[in-house]
Amino acid sequence: MLNGWRRTATRARSALSPRGALALQSVDGALSFALRAALAMALPALPMALAGRADQAVYAMLGSFTTTFGRNLPYARRARVLALVAVAMTACVGGGSALAAWADPADGGAGAAVVVAATAVVAGLAKLACDAARLSGLGAVLLLFSFAVAANGSPATADILPHTALAASGAAVAWVLAVSGWFVHPDRPQRLAVAAALRELADLLNTGAGEAGGAPPIRAPPIRAPPIRAPPIRTPPSRAPQSYARPNCAPASC
């Protein structure tokens, strides 16, 4: 009983200890993903900044948040998922800009309350959609952030379509960069996923062996399949040929 309490206290202490919480971990493909994210942000926003429209470049960068989704997905599924994410991100920016032009939240009052209520609705829908699609990470947060930034601006009605187009261009650039590796290493995401799973399994086995006091790993008994027996072959019973007796008669009478 006492040993059980000590073991539980040791596990709780190790789980609650802040040691190693901020330790750097080795992540497969981290450098290529960081470079892709940087290019997705810079390529659509840099021309706007050089043209003196840095205030409009932010809408293109909001669309470029598409690059943060589906990092470890195979390229075929990544292309489909990011296409939907690009549409959702563009819709968030366009809807936020339209709401800001209509409600004018900068003046406060009812317009600001409408923007707050709409932001809460978008937060719930984004979370529900990301959980249903099994998109981990900051997916719902980035969708909410794009809508909130666009909804709290002060655009005119004529700025709604340009803002939406800028977000769409940023999302398109992010999509192209995310699937460009298909032509170089088409099976790289699968290999990285298998390598990560094997490392997780090795860490789990090492942790289990350490808690067991260095005991040898438990090996599952070999599974022996029962022998396959062929069904008996049944041959039809043989029949003796029938003999026909000749009648006992004289040749003349026959």
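Predicted model, so just to flag it, every value in this text is computed and none were measured. (Residues numbered from 1 in each chain as written. Predicted model: local features only at pLDDT ≥ 70, side-chain atom pairs only at ≥ 80, totals over all residues. Heavy atoms only, no water.)

A. Structural view of the pattern of salt bridges. If you walk through the whole model with that rule in mind, you get 2 salt bridges. Among the salt bridges present, the one from D131 reaches K127, with a minimum N-O distance of 3.4 Å. Of the two residues, D131 and K127 both sit in helix α5 (residues 110–132), 4 residues apart, roughly one turn of that helix. Residue class for K127 comes out partly exposed when judged on its relative accessible area of 46%. (Salt bridge = Lys/Arg side-chain N within 4 Å of Asp/Glu carboxyl O. Helix = DSSP H or I, 4+ residues; strand = E, 2+ residues; numbered from the N terminus. Buried < 20%, exposed > 50% of the residue type's maximum accessible area, 1.4 Å probe, protein only.)

B. Layout of the nonpolar core. F69 and L143 are the most contacted members of the largest nonpolar core, which has 29 residues in total. Elements with a contribution of two residues or more to this core: α3 (54–64), α4 (75–103), α5, α6 (139–151) and α7 (160–179). Top contributing element to this core by residue count: α4, with 8 residues. Ignoring sequence-local partners within four residues, the contact set of L143 consists of F69, A88, M89, C92, A126 and C130. (Core = buried A, V, L, I, M, F, W, Y, C linked by side-chain atoms within 4.5 Å. Contact = heavy atoms within 4.5 Å.)

C. Structural view of the packing of α3 against α4. Two elements in contact, α3 and α4, have axes whose closest approach is 8 Å; the angle formed by their N-to-C orientations is 145°. Judged by the twist between their axes, the crossing of α3 over α4 is right-handed. Taking contact as the criterion, the partners of Y59, L62 and G63 in α3 are, on α4, M89, V93 and S97. For the contact of α3 with α4, a count of residues per class yields 4 nonpolar, 2 polar and no charged. (Axes fitted to C-alpha atoms, helices over the stretch in contact; angles between N-to-C directions. Left-handed = near helix turned anticlockwise from the far one by under 90°. Nonpolar A, V, L, I, M, F, W, Y, C, P; charged D, E, K, R; others polar.)

D. The environment of G139, seen in detail. The residue G139 is located in helix α6 in this model. Under the relative-accessibility criterion, G139 is labelled buried at 3%. Taking the C-alpha atoms as reference points, G139 and F65, separated by 74 residues in sequence, lie 9.0 Å from one another. Excluding its chain neighbours within four sequence positions, the residues that come into contact with G139 are F69 and C130.

E. Focus on the state of the cysteines. Considering all chains together, one arrives at 0 disulfides under this definition. Of all cysteine sulfurs in the structure, the one in C130 sits closest to C92, which takes part in no disulfide; the separation is 9.6 Å. Overall, the relative accessible area of 13% leaves C92 in the buried class. Taking the relative accessible area as the measure of exposure, C130 reaches 4% and is therefore buried. (Disulfide = S-S within 2.5 Å.)

F. Focus on the environment of A98. Among the secondary structure elements, A98 is positioned in helix α4. Note on A98: relative accessible area 31%, which makes it partly exposed. Taking the C-alpha atoms as reference, A98 lies 5.9 Å from I160; in sequence the two are 62 residues apart.

G. Representation of unusual backbone geometry in the model. Non-glycine residue D104 carries a positive phi angle of around 50°. Structurally, D104 is set in the loop between α4 and α5. Residue classification places D104 among the partly exposed positions, given a relative accessible area of 29%. One non-glycine residue, R134, lies in the positive phi region at around 60°.

H. Here's a closer look at the side chain of T119. Within the secondary structure layout, T119 lies in helix α5. Of the polar contacts made by the side chain of T119, one reaches the backbone oxygen of V115; its length is 2.7 Å. Setting aside anything within four residues of it in sequence, one finds T119 in contact with L144, F147 and A148. (Polar contact = N/O pair within 3.5 Å; in protein donor to acceptor, adjacent residues only side chain to side chain.)

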